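Next come the chains, spelled out residue by residue.
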Amino acid sequence: KRVIVTGASTGIGEQIAYHLARMGAHLVVTARTEAKLKKVISECLKLGAASAHFIPGTMEDLVFAEQVVTKAGKLMGGLDMLILNHIAPVNLRFFNGDVASIRKVMDINFFSYITMTSAALPMLKVTNGSIVVVSSIAGKLITPLIADYSAAKFALDGFYSSLQKELQLMNVNISITLCILGFINTDSAVKSLSGIVENITPSPKEECAVEIIKGGALRQKVIAYPSSIYISMWNPIRTIQEYFILLTYNIDNITRNQQFS
Ligand SMILES: NC(=O)C1=CN([C@@H]2O[C@H](COP(=O)(O)OP(=O)(O)OC[C@H]3O[C@@H](n4cnc5c(N)ncnc54)[C@H](OP(=O)(O)O)[C@@H]3O)[C@@H](O)[C@H]2O)C=CC1
Ligand SMILES: CC(C)CCC[C@@H](C)[C@H]1CC[C@H]2[C@@H]3C(=O)C=C4C[C@@H](O)CC[C@]4(C)[C@H]3CC[C@]12C
């Protein structure tokens, strides 16, 4: 399979790349730090990747986000899976009125995801491919100190759950997997939570990466890791109301009059 992994220079993204490499995938990895990406791809090749390339740059730049997808498509001759995982470094703090910094976080954590998705859809249609979106329990329920991060994660749920329904209505066979994660033991998360959150043991990033890949490969709509957090995202009222709202739509009319780009 031909896969793009974003935010793959460290943390969960790096582990996703290594697992895919062991499975013999073609890989394109991206993040800002070129030196780390070089190490990741050389490790991927050792582990058995069919091919491994890196494209360095910042997802703050939406032109770059689009180019990663087109370049990767050329490098690999198509695309089977897009794994959207990167995030801007998180500052746990009270909202201080700085709207510009929220906009920056939304560009990196949300708009770059949409940009890459839009660029990848034509290739994924050809391969009946998959989009995997790495989100968080903080995109399903709220906690203080991460208003910007949480806003972006809730936005991803809104956008991708809606897109999932649209693809279904238009009979487009592209799967979307939303991954809801609890606290994972990446260096950055452990560091930024130290002295702030106590009595929660983080789950291992290696196992987390496997669950994310499994969810994508099995074309599941949503996965939760660790599985103990399933309960916190269980929202039967939402599920039932979404079902009944859809029944009120005139699907025949809509599918006749709308083109899915
Ligand atoms: N760890 C946790 O506890 C949890 C994590 N998650 C989710 O899992 C995913 C991965 O998290 P985790 O592995 O901890 O994150 P890390 O902080 O370990 O890694 C983040 C990655 O994103 C890259 N990145 C940062 N800024 C940019 C940018 N401006 N442009 C492009 N790439 C950038 C980093 O590389 P570089 O700096 O080189 O650009 C790095 O590769 C995220 O979506 C996160 O929301 C969800 C719940 C809990
Ligand atoms: C439902 C409960 C069993 C557990 C709740 C645990 C709460 C406190 C956990 C679960 C997910 C966690 C955040 C997260 O999603 C990702 C990151 C990125 C990292 O770089 C910095 C830390 C941060 C913001 C985590 C902050 C703490 C959160 C909200």
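Summary of the structure given here. Please read these numbers as outputs of a predicted model, since none were measured by experiment. (Residues numbered from 1 in each chain as written. Chains lettered and ligands numbered in written order. Predicted model: local features only at pLDDT ≥ 70, side-chain atom pairs only at ≥ 80, totals over all residues. Heavy atoms only, no water.)

## Section: the site of ligand 1
Right, on to step 1. By nearness alone, 29 residues border ligand 1, and Ser9, Thr33, Tyr149, Thr186 and Ser188 come closest of all.
Right, on to step 2. Contact between ligand 1 and valine 134: an oxygen atom at 3.5 Å from a main-chain N or O atom of the residue.
Right, on to step 3. Note that an oxygen atom of ligand 1 is positioned 2.7 Å from one of the side-chain N or O atoms of threonine 186.
Right, on to step 4. For ligand 1, whose free accessible area comes to 880 Å², the fraction covered by protein is 92%.
Right, on to step 5. The set of elements that each furnish at least two residues to the shell around ligand 1 consists of helix H1 (11–22), strand S5 (130–136), helix H5 (147–169) and helix H6 (187–193).
Right, on to step 6. Element by element, the count of residues in the shell around ligand 1 is highest for S5, at three residues.
Right, on to step 7. In terms of residue class, the shell around ligand 1 is built from 13 nonpolar, 14 polar and two charged. (Near = heavy atom within 4 Å. Polar contact = N/O pair within 3.5 Å; in protein donor to acceptor, adjacent residues only side chain to side chain. Areas by Shrake-Rupley, 256 points an atom, 1.4 Å probe, with all protein chains shown as cover. Helix = DSSP H or I, 4+ residues; strand = E, 2+ residues; numbered from the N terminus. Nonpolar A, V, L, I, M, F, W, Y, C, P; charged D, E, K, R; others polar.)

## Overview of the nonpolar core
Right, on to step 1. By size, the foremost hydrophobic cluster in this structure holds 41 residues, and its most contacted members are Ile4, Leu79, Leu84, Met116, Ile131, Val133 and Tyr160.
Right, on to step 2. Of all the elements in the fold, those that place two or more residues in this core are helix H3 (62–76), strand S4 (81–84), helix H4 (99–127), S5, H5 and strand S6 (175–181).
Right, on to step 3. By residue number, the principal contributor to this core is H4, which donates eleven residues.
Right, on to step 4. When neighbours within four sequence positions are excluded, tyrosine 160 is seen to be in contact with Leu84, Tyr113, Ile114, Thr117, Ile131, Val133 and Ile176.
Right, on to step 5. Core analysis: the next-biggest nonpolar cluster, separate from the first, contains 32 residues, Ala8, Leu20, Ile184 and Ile212 among them. (Core = buried A, V, L, I, M, F, W, Y, C linked by side-chain atoms within 4.5 Å. Buried < 20%, exposed > 50% of the residue type's maximum accessible area, 1.4 Å probe, protein only. Contact = heavy atoms within 4.5 Å.)

## A look at the site of ligand 2
Right, on to step 1. Every residue close to ligand 2 is listed here: Val90, Ser136, Ile137, Ile146, Tyr149, Phe183, Ser188, Ala189, Ser192, Leu193, Ile200 and Ser232.
Right, on to step 2. Within the contact set of ligand 2, an oxygen atom lies 2.5 Å away from a side-chain nitrogen or oxygen of serine 136.
Right, on to step 3. Residue tyrosine 149 places a side-chain N or O atom 2.9 Å away from an oxygen atom belonging to ligand 2.
Right, on to step 4. Protein chains shield 77% of the accessible area of ligand 2, which is 620 Å² for the free molecule.
Right, on to step 5. Residue composition of the shell around ligand 2, grouped by class: eight nonpolar, four polar and no charged.

## Thoughts on unusual backbone geometry
Right, on to step 1. At the junction of tyrosine 225 and proline 226, the peptide bond is cis and its omega measures out at -5 degrees in the coordinates.
Right, on to step 2. Structurally, proline 226 is set in the loop between strand S7 (222–225) and helix H8 (230–233).
Right, on to step 3. One non-glycine residue with positive phi stands out, namely asparagine 171, at about 55 degrees.
Right, on to step 4. Within the element layout of this structure, asparagine 171 appears in the loop between H5 and S6.
Right, on to step 5. Of note, the phi angle at asparagine 199 is positive, near 65 degrees, even though the residue is not glycine.
Right, on to step 6. Turning to its location among the elements, asparagine 199 is positioned in the loop between H6 and helix H7 (205–217).
Right, on to step 7. We classify asparagine 199 as exposed; its relative accessible area is 83%.

## So, the environment of leucine 47
Right, on to step 1. Along the polypeptide, leucine 47 turns up in helix H2 (residues 34–47).
Right, on to step 2. Along the sequence, leucine 47 and arginine 22 sit 25 residues apart, while their C-alpha atoms lie 5.2 Å from each other.

## Side note on the packing of aromatic side chains
Right, on to step 1. Scanning the entire structure with this criterion turns up four aromatic pairs.
Right, on to step 2. Between phenylalanine 110 and phenylalanine 111 the ring centres are 5.0 Å apart and the planes differ by 70 degrees, which places this aromatic pair in the edge-to-face class.
Right, on to step 3. By relative accessible area, phenylalanine 110 is classed as buried at 9%.
Right, on to step 4. Phenylalanine 111 gets classed as partly exposed once you look at its relative accessible area, which sits at 39%.
Right, on to step 5. Relative to tyrosine 160, the ring of phenylalanine 159 has its centre 5.1 Å away and its plane inclined at 80 degrees; by these criteria the two rings are edge-to-face.
Right, on to step 6. Residue class for phenylalanine 159 comes out partly exposed when judged on its relative accessible area of 31%.
Right, on to step 7. What links up through ring pairs into an aromatic cluster is the set Phe110, Phe111, Phe159 and Tyr160. (Phe/Tyr/Trp six-rings, centres within 6.5 Å; stacked < 30°, edge-to-face > 60°.)

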